[in-house]
Amino acid sequence: QVQVVESGGGLVHVGGSLRLSCAASGSILRAYTMAWYRQAPGLQRDFVASISIGSGTNYADSVKGRFTISRDNAKNTVYLQMSSLKPEDTAVYYCYADAEDSRWQRRAYWGQGTQVTVSS
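As the structure is a computational prediction, the values presented were derived from the model and not from experiment. (Residues numbered from 1 in each chain as written. Predicted model: local features only at pLDDT ≥ 70, side-chain atom pairs only at ≥ 80, totals over all residues. Heavy atoms only, no water.)

### What about the overall build of the protein chain?
Check the secondary structure of the protein chain and you find zero helices and eleven strands. Listing each helix as α and each strand as β along the protein chain from the N terminus yields β-β-β-β-β-β-β-β-β-β-β. Its C-alpha atoms give the protein chain a radius of gyration of 14 Å, near enough to 14 Å, the size a compact globule of 120 residues would have. For the C-alpha atoms alone, the extent of the protein chain along its principal axes is close to 50 × 25 × 20 Å. Of all 120 residues assigned to the protein chain, the portion counted as buried reaches 43%. The long-range fraction of contacts in the protein chain, counting pairs at least 24 apart against all pairs at least 6 apart in sequence, stands at 54%. Counting only carbon and sulfur atoms, one obtains 48% of the accessible surface of the protein chain, whose full area is about 6,200 Å². Of the side-chain charges in the protein chain, 12 are positive and 9 negative, and the distance between the mean point of each set is 3 Å. (Helix = DSSP H or I, 4+ residues; strand = E, 2+ residues; numbered from the N terminus. Rg over C-alpha atoms; globule rule 2.2 N^0.38 Å. Buried < 20%, exposed > 50% of the residue type's maximum accessible area, 1.4 Å probe, protein only. Contact = heavy atoms within 4.5 Å. Areas by Shrake-Rupley, 256 points an atom, 1.4 Å probe, with all protein chains shown as cover. Lys, Arg positive; Asp, Glu negative; His and termini not counted. Charge placed at Lys NZ, Arg CZ, Asp CG, Glu CD.)

### Remarks on the pairing of strand β5 (residues 46–51)
Sheet topology places strand β4 (residues 28–39) next to β5; five bridges connect them, and they run antiparallel. What sits directly across from Tyr37, in β5, is Phe47. With antiparallel pairing between neighbouring strands as the criterion, β4 and β5 make up a hairpin whose turn holds six residues, including Gly42 at a positive phi of roughly 80 degrees. The sheet contact formed by β5 and strand β6 (residues 57–59) spans three bridges and is antiparallel. (Pairing = 2+ DSSP bridges.)

### Here we look at the pairing of strand β1 (residues 2–7)
The alternating pattern of β1 places Val2, Val4 and Glu6 on a buried face and Gln3, Val5 and Ser7 on a face that is not buried. As defined by bridge partners, β1 adjoins strand β3 (residues 18–26) across six bridges and the pair is classed as antiparallel. In the strand pairing of β3, Gln3 is matched with Ser25.

### Considerations on the packing of aromatic side chains
This structure, assessed with the given rule, holds four aromatic pairs. Measuring from centroid to centroid gives 6.3 Å for Tyr37 and Tyr96, while their planes differ by 65 degrees, and the two rings are edge-to-face. In this pair, Tyr37 sits in strand β4 while Tyr96 sits in strand β9 (residues 91–101), placing the two residues 59 residues apart along the sequence. Here the aromatic rings of Tyr37 and Trp110 are separated by 5.1 Å at their centres, their planes lie at 65 degrees, and the arrangement is edge-to-face. You can see Tyr37 sitting in strand β4 and its partner Trp110 sitting in strand β10 (residues 106–110), a full 73 residues away along the chain. Taking the relative accessible area as the measure of exposure, Tyr37 reaches 22% and is therefore partly exposed. Taken together, Tyr37, Phe47, Tyr96 and Trp110 form an aromatic cluster joined through their ring pairs. Stacked on the ring of Tyr94, the Lys or Arg Arg45 has its end atom at 3.6 Å from the ring centre. (Phe/Tyr/Trp six-rings, centres within 6.5 Å; stacked < 30°, edge-to-face > 60°. Lys NZ or Arg CZ within 6 Å of the ring centre and 35° of its normal.)

Right under this line is the structure:
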């Protein structure tokens, strides 16, 4: 069984920075694409950023130039460095992993989410 666990959320002032981490663990053989999504109250879950196993990246237009996604393949961990934070970045941030387990079954996994609050 594969578990995906986020950490690093919290309260930060406008213009501040925060770093999120997400580790995929358990019976995981390999994590392919890993990504971050976010969901503000009353809204749908939106794409933030993704990174392939080869470290190719994609970003939502709203975070380009402010957020940086990276990964450590040896640790099956993905990071999201967030800078110049704005109140509209306030949301629950979810980690996504496209992963293969020890039975060579590949599927999508989601973390439980971590709250990021940007105060003005």
